[in-house]
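Architecture and fold: a report
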Amino acid sequence: PSGVVSFVVIEVSIVEKSRGNEAGMCLRLRDRTALRTALNESEEHLSLLQALDLAIGEGILFRERSGEIRYVNEVFARLWGMSTQEILEMRHGLQAHLGTMLREPPPKSMQRMWNHKSAAFDSARTELADVTMLDGRILEVRTLPIATKQEFLGRAWRMTDVTQARRASQAMIQSQKL
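Description of the structure in this document. Think of each chain on its own: its residues are numbered from 1, step by step along the sequence as written. Given that the model is predicted, a residue must reach a pLDDT of at least 70 before its local features are reported, and side-chain atom pairs must reach 80 or more before they are shown or counted; all residues, however, enter totals for whole chains, interfaces and linings. Just so you know, side-chain values use all the structure's heavy atoms and leave hydrogens and water out.

**With respect to the sheet that holds strand S7 (residues 152–161)**
The rule for pairing is simple: two strands pair if DSSP sees at least two bridges between them. To qualify as a helix, a DSSP run of H or I must reach at least 4 residues; to qualify as a strand, a run of E must reach at least 2; elements of each kind are numbered from the N terminus. Taken in spatial order, the five strands make up an open sheet running S4-S3-S7-S6-S5, and their pairing is antiparallel. Strands at the two margins of the open sheet, each flanked by one partner only, are strand S4 (69–72) and strand S5 (127–132). When strand polarity is set aside, the average angle formed by the axes of neighbouring strands in this sheet is 20 degrees. For S5 and strand S6 (residues 138–147), the ladder comprises six bridges, and the chain directions are antiparallel. The residue bridging Glu-127 from the neighbouring strand is Thr-143, located in S6. Helix axes use the C-alpha atoms of the stretch in contact, all axes being lines fitted to C-alpha atoms, and the angles between their N-to-C directions lie in the range 0 to 180 degrees.

**Notes on a nonpolar patch on the surface**
Residues Val-8, Ile-10, Val-12, Ile-14, Met-25, Leu-27 and Leu-29 make up a contiguous nonpolar surface patch of about 740 Å² in total accessible area. For the nonpolar patch, the secondary-structure elements that each account for two or more residues are strand S1 (8–16) and strand S2 (22–31). With respect to the helices, strands and loops of the structure, Ile-10 is situated in strand S1. Each patch groups residues whose relative accessible area exceeds 30% and which form no salt bridge, using 9 Å between like charges and 5 Å between nonpolar side chains of Val, Leu, Ile, Met, Phe, Trp and Tyr. For the accessible areas, the method is Shrake-Rupley and the probe is 1.4 Å, while residue cover comes only from the protein chains on display. Throughout this description, the term salt bridge denotes a Lys or Arg side-chain nitrogen within 4 Å of a carboxyl oxygen of Asp or Glu.

**Describing the pairing of S6**
Two faces make up the sheet, and in a regular strand the side chains alternate between them. Joining the antiparallel neighbours S5 and S6 is a turn of five residues, in which Gly-136 adopts a positive phi near 95 degrees. Taken together, the nine bridges between S6 and S7 define a ladder with antiparallel strand orientation. Directly across from Ile-146, in S7, lies its bridge partner Gly-154.

Put into structure tokens, the structure is as follows:
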């Protein structure tokens, strides 16, 4: 009648007298409307994030304030020749492992931002750098803080293979010098 949809859980239990004789039933009604609404909203947000993730086509990794890797997408994993599961299982050893695939380490400021125990991890700064892999590919790496108005949640790492663009730019610069 009121047009309001409510989600209710009905719990039924048997009430017993002594020696297992049934005395009746107990019905409990629990309003789960707020929980259901929150779950629906979080599913909508997750769907939106997954759609954006697919649309941008860039590698994304998110580390929580605790240092745990909360999210990594397929593109990020492929850039490093790994599966998302392998990355998630590496946990705190990931930085050292990825470092073995680079010709030279990224800038110190960016390295400090990887370490969740460092003050730089919590900073509001965004860093951008190119890193060259042993196989010659060039990745543009951007790290940025993820925060709400109330708190710092963690740090995201976005990576894009920019090899062709950087090489084309270098070729153009070289041709202008001639």
